[in-house]
Amino acid sequence: MGEDVSGAPCPSCGTPNPPDRRFCRRCATPLTPTTVAPTLPWWRTIWPFRRRTRAGSGRLVRFLVVLAVVLALCAGGFLLLPAGRRLVEDTRDKLGKSKAVTPTRVEATAELPGHPPAGTTDGLSNRYWGAPGPGASVTYTFAKPFRLVGVIVTNGASTSPEEYARQGRALQIEVEVTARDGGKIHKSLALSDKPGPQAFPTGISDTTSIRLTLDAPAGLAQGRHLALAEVEFFQRA
């Protein structure tokens, strides 16, 4: 005769079991099921969120990790933009040193006898390129691409005030820079009507050639021509 037992029935076979039993006396099914942890949301399955922690445990570390990742992604995205790359290159130009770079070839669309365009790169401020008038241009070609960080222009026939005033000067120079990929960048240099070197920052990468076109003449009269004493180019060291 079977034992008369009153208690919770087995969830598997329905057999009644005494209250103190942990397993069914007939089929051994656990009578006190363990609590099943709820399924984690998808974002909690990604490190460093996937670890179950006590309240407050590791939250600061996880926050700092996430913040670092977000900042890194933002910085990476910024640097991929042209504006971001330009900002980085300009900063490097300002923080770094520069050195002079010499062109391998100098050609002009026009020149006066005794005043070839090579006079602008000979390091002597009392020798100059003589052009008949505005619109004349000189082109400088370089051996390999470089980062053009600046240009120094010494206008007129000489750094001497007396000699400077003897010839005309271009108070504006249109610059066309050709890059390695064939792209062209244009800048306009506004010069003061005074002797001596004048510096202009540029910040143009992969420069292969530079063309300068004379414009806005001053002091140009009968028997005079435009004079350009020196042009110096600088690259990032």
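Let me sum up the structure you'll find in this document. Counting from 1, residues in each chain are numbered in the order their sequence is written. In keeping with the predicted nature of the model, local features appear solely for residues at pLDDT of at least 70, side-chain atom pairs appear and are counted solely at 80 or more, and the whole-chain, interface and lining totals rest on all residues. Note: side-chain values were computed over all heavy atoms of the structure, leaving out hydrogens and water.

**Comments concerning the overall build of the chain**
In step 1: Each helix is a run of H or I in the DSSP string that is no shorter than four residues. Each strand is a run of E no shorter than two, and both are numbered from the N terminus. Per the secondary structure count, the chain includes three helices and eight strands.
In step 2: Each helix and strand of the chain, placed in order from N terminus to C terminus, yields the pattern α-α-β-β-β-β-α-β-β-β-β.
In step 3: Note on exposure labels: buried denotes an accessible area under 20% of the residue type's maximum, exposed denotes more than 50%, and partly exposed covers the range between, all computed with a 1.4 Å probe on protein chains only. Looking at the chain as a whole, 31% of its 237 residues are labelled buried.
In step 4: A separation threshold of at least 6 residues defines the contact pool for the chain, and within that pool the share at least 24 residues apart is 64%.
In step 5: For the chain, the accessible surface area stands at approximately 14,900 Å², while carbon and sulfur atoms represent 57% of it. The contact criterion used throughout is that any non-hydrogen atoms of two residues lie within 4.5 Å. Residue burial considers only the protein chains on display, and all accessible areas are found by Shrake-Rupley using a 1.4 Å probe.

**Side note on the pairing of strand β7 (residues 197-218)**
Every other side chain in a regular strand lies on the same face of the sheet, so the side chains alternate between the two faces.
In step 1: Where strand β4 (residues 137-155) lies against β7, twelve bridges are found, and the strand directions are antiparallel. When the sheet's bridge partners are listed, Thr139 is paired in β7 with Arg211.
In step 2: Pairing between strands requires that DSSP locate at least two bridges from one strand to the other. Two strands pair when backbone bridges link them, and strand β5 (residues 169-179) and β7 are joined in this way by ten bridges, in the antiparallel orientation. Each residue of the ladder has a partner; that of Gln172, found in β7, is Asp215.

**Comments concerning the pattern of salt bridges**
In step 1: When a carboxyl oxygen of Asp or Glu lies within 4 Å of a side-chain nitrogen of Lys or Arg, that pair is called a salt bridge. Counted under the stated rule, the structure contains six salt bridges.
In step 2: Across the salt bridge formed by Asp122 and Arg127, the nearest N and O atoms sit 3.0 Å from each other.
In step 3: With relative accessibility at 27%, the residue Asp122 sits in the partly exposed group.

**Things to note about the environment of Leu148**
In step 1: With respect to the helices and strands, the residue Leu148 is situated in strand β4.
In step 2: In the structure, Leu148 is positioned 58 residues away from Asp206 in sequence and 7.8 Å away in space, judged by C-alpha atoms.
In step 3: Aside from chain neighbours lying at most four places away, what touches Leu148 is Val177, Thr202, Gly203, Ile204, Thr207, Ile210, Phe233 and Phe234.

**Points about the nonpolar core**
In step 1: Throughout, nonpolar core names a set of buried Ala, Val, Leu, Ile, Met, Phe, Trp, Tyr and Cys residues whose side chains join them through atoms within 4.5 Å. Counting residues in hydrophobic clusters, the biggest one holds 26 residues, and the most contacted among them are Leu148, Val153, Ile173, Ile210, Leu212, Leu214 and Phe233.
In step 2: For this core, the secondary structure elements donating two or more residues are β3 (129-131), β4, β5, β7 and β8 (226-236).
In step 3: The biggest single contributor to this core is β4, with seven residues.
In step 4: Dropping the residues within four chain positions of it, Val153 is found in contact with Ile173, Leu189, Leu191, Gly196, Pro197, Gln198, Phe200, Leu228 and Glu230.

**Focus on the environment of Ser192**
In step 1: Following the sequence through the fold, Ser192 ends up in the loop between β6 (184-190) and β7.
In step 2: Residue classification places Ser192 among the partly exposed positions, given a relative accessible area of 37%.
In step 3: Sequence separation of Ser192 and Arg169 is 23 residues, and the distance between their C-alpha atoms is 9.9 Å.
In step 4: Apart from the residues within four sequence positions on either side, Ser192 is in contact with Tyr164, Leu171 and Gln198.

These figures come from the coordinates and say nothing about function on their own.
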